[in-house]
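Descriptive structure summary
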Amino acid sequence: RKSMKRIFYFFVVSCMCFLYSCKDENYTTVIMEGFYNSKKAVQVSSTSTIYENMARQPELADELINRTCVLAGYKDFMHLLPFESREEERQVGMARGEGLSAFMTSVARQPDMYEKLDSTAIIFLGTAETLSSMSVLLDYSCYNAIAGYNEALTRQPEIKDTLDIICRKFLGVVLEK
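Residues numbered from 1 in each chain as written. Predicted model: local features only at pLDDT ≥ 70, side-chain atom pairs only at ≥ 80, totals over all residues. Heavy atoms only, no water.

A word on the overall build of the protein chain. In terms of regular secondary structure, the protein chain is built from 9 helices and 0 strands. For the protein chain, the succession of helices and strands along the chain, N to C, is α-α-α-α-α-α-α-α-α. Out of the 177 residues in the protein chain, the part that is buried amounts to 40%. Residue pairs in contact within the protein chain that sit at least 24 positions apart in sequence constitute 79% of those at least 6 positions apart. When the accessible surface of the protein chain is totalled, it reaches about 11000 Å², and 58% of it is carbon and sulfur. (Helix = DSSP H or I, 4+ residues; strand = E, 2+ residues; numbered from the N terminus. Buried < 20%, exposed > 50% of the residue type's maximum accessible area, 1.4 Å probe, protein only. Contact = heavy atoms within 4.5 Å. Areas by Shrake-Rupley, 256 points an atom, 1.4 Å probe, with all protein chains shown as cover.)

Two elements in contact, helix α7 (residues 114-125) and helix α9 (residues 160-171), have axes whose closest approach is 12 Å; the angle formed by their N-to-C orientations is 15 degrees. Judged on the interaxial angle alone, α9 and α7 are roughly parallel. In the packing of α7 onto α9, the handedness of the crossing is right-handed. Side by side, α7 and α9 meet where Tyr-114, Asp-118, Ala-121 and Ile-122 of the first sit next to Thr-162, Ile-165, Ile-166, Lys-169 and Phe-170 of the second. Grouping the amino acids of the contact of α7 with α9 by side-chain chemistry returns 6 nonpolar, 1 polar and 2 charged. (Axes fitted to C-alpha atoms, helices over the stretch in contact; angles between N-to-C directions. Parallel < 35°, antiparallel > 145°, perpendicular 65-115°, else oblique. Left-handed = near helix turned anticlockwise from the far one by under 90°. Nonpolar A, V, L, I, M, F, W, Y, C, P; charged D, E, K, R; others polar.)

In this model, Leu-81 is joined to Pro-82 through a cis peptide bond whose omega is 0 degrees. Residue position: Pro-82 is located in the loop between α5 (61-72) and α6 (86-109).

It is possible for side chains of opposite charge to pair when their charged atoms get near one another. In this structure the tally under the stated criterion is 7 salt bridges. Taking the shortest distance from any N to any O, the salt bridge between Asp-62 and Lys-116 comes out at 2.5 Å. Taken together, the residues Asp-62 in helix α5 and Lys-116 in helix α7 connect sequence positions 54 residues apart. Relative accessible area serves as the criterion here: at 45%, Asp-62 is assigned to the partly exposed category. Residue Lys-160 is joined to Asp-164 by a salt bridge in which the shortest nitrogen-to-oxygen separation is 3.3 Å. Of this pair, Lys-160 and Asp-164 both sit in helix α9, 4 residues apart, which is roughly one turn of the helix. We classify Lys-160 as partly exposed; its relative accessible area is 26%. (Salt bridge = Lys/Arg side-chain N within 4 Å of Asp/Glu carboxyl O.)

Turning our eyes to something else, we now look at the packing of aromatic side chains. According to the stated counting rule, one finds 4 aromatic pairs in the structure shown. Ring centres of Tyr-51 and Phe-103 lie 5.7 Å apart, and the angle between their planes is 45 degrees; this geometry places the pair in the tilted category. Residue Tyr-51 is located in helix α4 (residues 49-56), and its partner Phe-103 is located in helix α6; the two are separated by 52 residues in the primary sequence. Phe-103 carries the same exposure label as Tyr-51, and that label is buried. (Phe/Tyr/Trp six-rings, centres within 6.5 Å; stacked < 30°, edge-to-face > 60°.)

Two elements in contact, α4 and α6, have axes whose closest approach is 7 Å; the angle formed by their N-to-C orientations is 15 degrees. Overall, the two elements α4 and α6 adopt an arrangement that is roughly parallel. The way α4 lies across α6 gives a crossing that is right-handed. Every residue of α6 that contacts α4 at Tyr-51, Glu-52 and Ala-55 is listed here: Gly-99, Ala-102, Phe-103, Ser-106 and Arg-109. For the contact of α4 with α6, the per-class residue count stands at 4 nonpolar, 2 polar and 2 charged.

Next up, the structure:
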């Protein structure tokens, strides 16, 4: 009976120590990472599924684009500008990278849909040329697009040149000269 009481007290003290350690700001940051507190970042992130859906159902592409414009609340990435802060620019860049990642994997899945997927990405993600003054946005877009680039290249090595064009056009990154 005493040993059960001792175990119970040890458990309670351990839980209290754990809860006390959770109040550290760094812990909160880790939990919140991946979530956007910028409306514009959420808007951009919400469009990332359109590429996969267009690759699955090419005949619905125009309808998907029109409805996504309405639901996301913008018809051109440039309408989201200007950003209120560097933090918002960073978050939008991360969300944009998610979209570019989905775009690249969808091109690998449906190479014949490249032109339609490309014109859709211009609408929802903008191009590096139009966003050239926003280095933070382009950097974070690049970081989050790496996974999609690698997955697409692994899935379809023969579209390497197309992926390089996408990187140049949307990220401002030249991979090979």
